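A closer look at the structure
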Amino acid sequence: MDYNKDYYKELGIDKNATDEDIKKQYRKLAHQYHPDKNGGDKESELKFQKINEANSVLSDANTKQEYDQRSPNGK
């Protein structure tokens, strides 16, 4: 986890987003940027990796709490 990254911005959600909002937005973006859908587009692949990282942090309650407490981008 990188405390200097803004995972909320990466997913395009508000810092007060619910777990359901996070899940919904992640699925939308994952579908949009999935490498299989974009035929090897490197920008899409990089974006896909970033949203996966953001989701892995924000979808876990303990990790999200730690991120929010330690990150300047958290709550």
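Residues numbered from 1 in each chain as written. Predicted model: local features only at pLDDT ≥ 70, side-chain atom pairs only at ≥ 80, totals over all residues. Heavy atoms only, no water.

In helix packing, the relevant descriptors are the interaxial angle and the interaxial distance, both defined with respect to the helix axes. Look at helix H2 (residues 19-33) against helix H3 (residues 42-58): their axes get within 9 Å of each other, and the N-to-C directions meet at 160°. Between H2 and H3, the angle is such that the two are roughly antiparallel. The crossing of H2 and H3 is left-handed. When H2 is examined against H3, the residues Ile22, Tyr26, Leu29, Ala30 and Tyr33 are found in contact with a partner set consisting of Ser44, Lys47, Phe48, Ile51, Asn52, Asn55 and Leu58. Here the residues of the contact of H2 with H3 sort into 8 nonpolar, 3 polar and 1 charged. (Axes fitted to C-alpha atoms, helices over the stretch in contact; angles between N-to-C directions. Helix = DSSP H or I, 4+ residues; strand = E, 2+ residues; numbered from the N terminus. Parallel < 35°, antiparallel > 145°, perpendicular 65-115°, else oblique. Left-handed = near helix turned anticlockwise from the far one by under 90°. Contact = heavy atoms within 4.5 Å. Nonpolar A, V, L, I, M, F, W, Y, C, P; charged D, E, K, R; others polar.)

Of all hydrophobic cores here, the largest spans 15 residues; its most connected members are Tyr7, Leu11, Ile13, Ile22, Ile51, Leu58 and Tyr67. Mapped onto this core, the elements with two or more residues apiece are helix H1 (7-11), H2 and H3. Excluding its chain neighbours within four sequence positions, the residues that come into contact with Ile51 are Glu10, Leu11, Tyr26, Leu29 and Ala30. (Core = buried A, V, L, I, M, F, W, Y, C linked by side-chain atoms within 4.5 Å. Buried < 20%, exposed > 50% of the residue type's maximum accessible area, 1.4 Å probe, protein only.)

Right, let's get into the environment of Tyr33. Mapped onto the elements, Tyr33 comes out in helix H2. Setting aside its immediate chain neighbours within four residues, Tyr33 contacts Asn38, Ser44, Lys47 and Phe48.

Looking now at the environment of Ala17. Along the chain, the position of Ala17 falls in the loop between H1 and H2. Sequence-wise, Ala17 and Leu58 are 41 residues apart; in three dimensions their C-alpha atoms are separated by 9.8 Å. Every residue in contact with Ala17, bar those within four places of it in the chain, is listed here: Ile22 and Lys64.

Within the secondary structure layout, Asp68 lies in helix H4 (residues 61-70). We classify Asp68 as buried; its relative accessible area is 11%. Looking at Asp68, its side chain comes within polar contact range of the side chain of Tyr8, at 2.6 Å. (Polar contact = N/O pair within 3.5 Å; in protein donor to acceptor, adjacent residues only side chain to side chain.)

What follows is about the packing of aromatic side chains. Taken as a whole, this structure holds 2 aromatic pairs when the rule is applied. An angle of 50° between the planes, with centres 5.0 Å apart, marks the rings of Tyr7 and Tyr67 as tilted. Pair noted here: Tyr7 is in helix H1 and Tyr67 is in helix H4, with a separation of 60 residues, a long-range link. In this structure, Tyr7 and Tyr67 share a single accessibility class: buried. Residue placement shows Lys47 over the ring face of Tyr33; its charged tip is 5.9 Å from the ring centre. (Phe/Tyr/Trp six-rings, centres within 6.5 Å; stacked < 30°, edge-to-face > 60°. Lys NZ or Arg CZ within 6 Å of the ring centre and 35° of its normal.)

Purely geometric numbers; function is a separate question.
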